[in-house]
Amino acid sequence: MEWTALFLSRLQFAATISFHILFPAFTVGLAAWLCVLDGLALATGRAVYQRLFGFWRTIFAVAFGLGVVSGIVMAFQFGTNWSELSRQTGAIQGPLLVYESFTAFALESSFFGVLLFGRGRVPGWLYFFSCLMVAVGTTMSSFWIMVNNSWMQAPVGFVRGADGLFLPTSWSDILFSPVVWVRFPHMLLAAYITTAFCVAATGAWHLLQGRFLPEARVMLRMGLGLAAVLVPVQLGIGHLVGDYVHDRQPAKFAAIEARWHDEQPASEVVIAWPDEKAERNRYALSVPYAGSLIGSMSLTSREVGLTDWNRQDRPPVAIPFFAFRVMVGCGLLMLGIAWGGCLLMARRRLERSRWLLWATAASFPLGFIATVTGWFVAEVGRQPWAVYGQLRTADAVTPFLSTPMVAATLVMFALVYTAIFGFGVLVLARLIARGPVGEAEPRLGETNPKRPLSVPVGTAPATQDHRVKELI
């Protein structure tokens, strides 16, 4: 492995996007969760939903800010490290990113302030509408990013000009590509499931500590209940994503399966140690016929191997192979925890099953791990192409970059991101550990119009000893 400017640029982009994706994976689902909580509080008037809303709103604000800061760097890198990609694909990628700003960012920036400071200062219906618009904005942001990335994975609706530039010929083909409409739901469900397990894990932790019991019960039950429904759907959507990879990116599919030679029928490698130099798997555990069944829904289909391509046209094998199995393993763990929790919930034994509460509390990072490893599969498996089948990654990098230049920025980004990530995780961990203490929300008409962010005298923080007793 040579430490070239190309390799370091790829490493830098991988590091920054791995850090960044953690926060959208959380905030997209959390924005929807806030809508649910505010809607329930508005419809029922129950204080438990209001306290939970205030608790998760603060966490959302911190995570949203970290996501915005880390995301800005991504745009800069397209110009600094990947100028050829920007130059050649700018006619397609540029408008897609602009559409994100005109739609998603406009909604988020317009209503985010109301979400943070407007509760009790605007009518309830308007506040709920603001929450909904923030949730729609975060979802639309994911949509445009997935359209952009899906076009790079399976380019459609374009022609190559005489100068090599990618020129759009059909925006409808780009926007409504079947690849987009399996990958976007896959990402959206990943965000919802990640949030569901964060909520359930927080509830389980506070139940184990014997604190904030009404709120903890709501978080645990709603989080596990939502996950029990969404995880099986996600597994089904994931199979559809696998179908597109099988049909449109066969080299990536072979790398995910660590299949070196054509097989008919094909076995499924459950676990192994891929040896790229020898073009074989060591210590392999395989299931006969399962590879054909997974790849083509047939027990006799012929599945291609990596040796059908020249070495320079193959993706790396180890990262997609192991990352895919980690992703699936996390999904199956989450499915087991969610279904087990719902079964105990139906038997009214959930809160007495400490082993399940500990398992749920420990499941907090599973959604994040599954999301990051899923992106590793998608992006590393696409290599050696920046635009699949059209533009090689080696031809997309900025031509005049030198290894020392990229090494310096990589070290700088690593230090800055480590500091930001460490501080952000510490703040979020303290907020979650503190629990839904919250503060009393000012009532409409009590604030001073000259000081719109002020809290009127007499609204003291709500404490554990002065809580509204209610039935859960």
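Residues numbered from 1 in each chain as written. Predicted model: local features only at pLDDT ≥ 70, side-chain atom pairs only at ≥ 80, totals over all residues. Heavy atoms only, no water.

Peer 1: Hey, could you go over the side chain of Thr393 for me, with residue numbers and the actual values?
Peer 2: Its location among the elements puts Thr393 in helix H13 (residues 393–396). Only 2.7 Å separates the side chain of Thr393 from the side chain of Gln383, close enough to count as a polar contact. Thr393 has contacts with Leu6, Arg10, Trp82, Gln383, Pro384, Trp385 and Ala386, leaving out every residue within four places of it along the chain. (Helix = DSSP H or I, 4+ residues; strand = E, 2+ residues; numbered from the N terminus. Polar contact = N/O pair within 3.5 Å; in protein donor to acceptor, adjacent residues only side chain to side chain. Contact = heavy atoms within 4.5 Å.)

Peer 1: Break down the packing of helix H10 (residues 318–346) against helix H11 (residues 354–362) for me, citing the residues and quoting the values.
Peer 2: Between H10 and H11, whose axes approach to 11 Å, the crossing angle comes to 145 degrees. Note on packing geometry: the crossing formed by H10 with H11 is left-handed. Between H10, through Ile337, Gly341 and Leu344, and H11, the contact on the second element is made entirely by Trp355, Leu356, Ala359 and Thr360. Considered class by class, the residues forming the contact of H10 with H11 number 5 nonpolar, 2 polar and no charged. (Axes fitted to C-alpha atoms, helices over the stretch in contact; angles between N-to-C directions. Left-handed = near helix turned anticlockwise from the far one by under 90°. Nonpolar A, V, L, I, M, F, W, Y, C, P; charged D, E, K, R; others polar.)

Peer 1: Residues and numbers for the nonpolar core, please.
Peer 2: If you look at the biggest cluster of nonpolar residues, it comprises 78 residues, and the most contacted ones within it are Phe26, Trp56, Ile59, Phe60, Leu85, Leu115 and Trp151. The element best represented in this core is helix H1 (residues 5–44), accounting for 17 residues. Apart from residues no more than four positions distant in its own chain, Phe26 is found in contact with Trp56, Ile59, Ala63, Thr195, Cys198 and Phe368. Ala228, Ala338, Leu350 and Ala370 belong to the second largest nonpolar core, which has 29 residues in total. (Core = buried A, V, L, I, M, F, W, Y, C linked by side-chain atoms within 4.5 Å. Buried < 20%, exposed > 50% of the residue type's maximum accessible area, 1.4 Å probe, protein only.)

Peer 1: Let's hear about the environment of Ala318: which residues, and what values?
Peer 2: With respect to the helices and strands, Ala318 occurs in helix H10. Overall, Ala318 belongs to the partly exposed group, its relative accessible area being 30%. For the pair Ala318 and Gly329, spaced 11 residues apart in sequence, the C-alpha separation works out to 16 Å.

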